[in-house]
Amino acid sequence: MGFREEHEHWLGEHVKRRKGERLDALKRGHGYGNRLFIEEVWWPLAGHYQGLHPEYEVKDGRGRSYFVDVLWEVGASRIAFEIMDFGSHGTDRSKYRMDLNRGLFLQSQECMLLFISLDELKENPSFILSALRSILYPYLSAGMSAHRIAERTYSKIECDLMRSAIRHHRVLRPADAARELELHTMTVIKYCRKLVDKGKFRPVARGVSQRVIYYEYMGTLQSPDLI
């Protein structure tokens, strides 16, 4: 499945598990900006939805609910992403105050809070992607030490190829991957064939000659060894 299918599946699972105000908040809140963040930044960055929650409910000391646009739970850490539109507060001082209080409360609960400009997300998503890659690198790689067996099963090149396929909607074209990973095309093809043998890739052929034109990633998008 590509991004849209995986996104709808992920969102549908959260819809099924919610009711009442939590369900209403999800239906109201997960709109254009949040979806754009997931598609343009989160998906290319991580390639999975493991531990990711849309419109995540947090209650303060008085039992009042706050809903975070997107929250990622990774190990014992929580990282919140708030997608901010220039006009989101308008002239409503109460909403402005509540938004700031929410941010202060989340940080008091040892939750990292990252604000994302919607304008920047629309005009220059590569900047946000680059910045978050630097900030989140320790968290994205945190699962690796716990999966030494998986590391023995797949070489670094094989893992890089699987991640590349995930970033490109499960499709890996050897020539494109060779440029992206700075490898020789024949090296990419060699390791793609190994991944076919391991059941992670499926060769897709076309034409009378049945020449393989790309490989399709067949593994789970939430495989812990690829986090």
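Residues numbered from 1 in each chain as written. Predicted model: local features only at pLDDT ≥ 70, side-chain atom pairs only at ≥ 80, totals over all residues. Heavy atoms only, no water.

**Observations concerning the sheet that holds strand S4 (residues 111–117)**
Strand order in this open sheet of four strands is S1-S2-S3-S4, and the pairing throughout is mixed. Of all the strands in the sheet, just strand S1 (52–59) and S4 have a single pairing partner and so form its edges. When the angles between neighbouring strand axes are averaged without regard to direction, this sheet yields 40 degrees. Of the pairings in the sheet, the one linking strand S2 (residues 65–74) to strand S3 (residues 77–84) comprises five bridges and is antiparallel in character. The partner of leucine 71 across the bridge, within S3, is alanine 80. Along the sheet, helix H6 (residues 125–140) contacts S2, S3 and S4; its crossing angle with S4, the most-contacted strand, is approximately 165 degrees. (Pairing = 2+ DSSP bridges. Helix = DSSP H or I, 4+ residues; strand = E, 2+ residues; numbered from the N terminus. Axes fitted to C-alpha atoms, helices over the stretch in contact; angles between N-to-C directions. Contact = heavy atoms within 4.5 Å.)

**Concerning the side chain of arginine 18**
On the secondary structure map, arginine 18 appears in the loop between helix H1 (3–17) and helix H2 (20–29). Despite being buried, arginine 18 has no salt bridge partner; glutamate 55 is the closest side chain of opposite charge, sitting 6.6 Å away. Within the local environment of arginine 18, its side chain forms a polar contact with the backbone oxygen of glutamate 55, the two atoms lying 3.0 Å apart. Aside from chain neighbours lying at most four places away, what touches arginine 18 is Leu23, Leu26, Pro54 and Glu55. (Buried < 20%, exposed > 50% of the residue type's maximum accessible area, 1.4 Å probe, protein only. Lys, Arg positive; Asp, Glu negative; His and termini not counted. Salt bridge = Lys/Arg side-chain N within 4 Å of Asp/Glu carboxyl O. Polar contact = N/O pair within 3.5 Å; in protein donor to acceptor, adjacent residues only side chain to side chain.)

**A closer look at the sheet that holds strand S5 (residues 171–172)**
Strand order in the open sheet formed by three strands is S5-S7-S6, and the pairing between neighbours is antiparallel. Strands at the two margins of the open sheet, each flanked by one partner only, are S5 and strand S6 (201–206). Alignment of S5 against strand S7 (residues 211–217), held across two bridges, turns out to be antiparallel. For leucine 172, the partnering residue across the bridge sits in S7 and is tyrosine 215.

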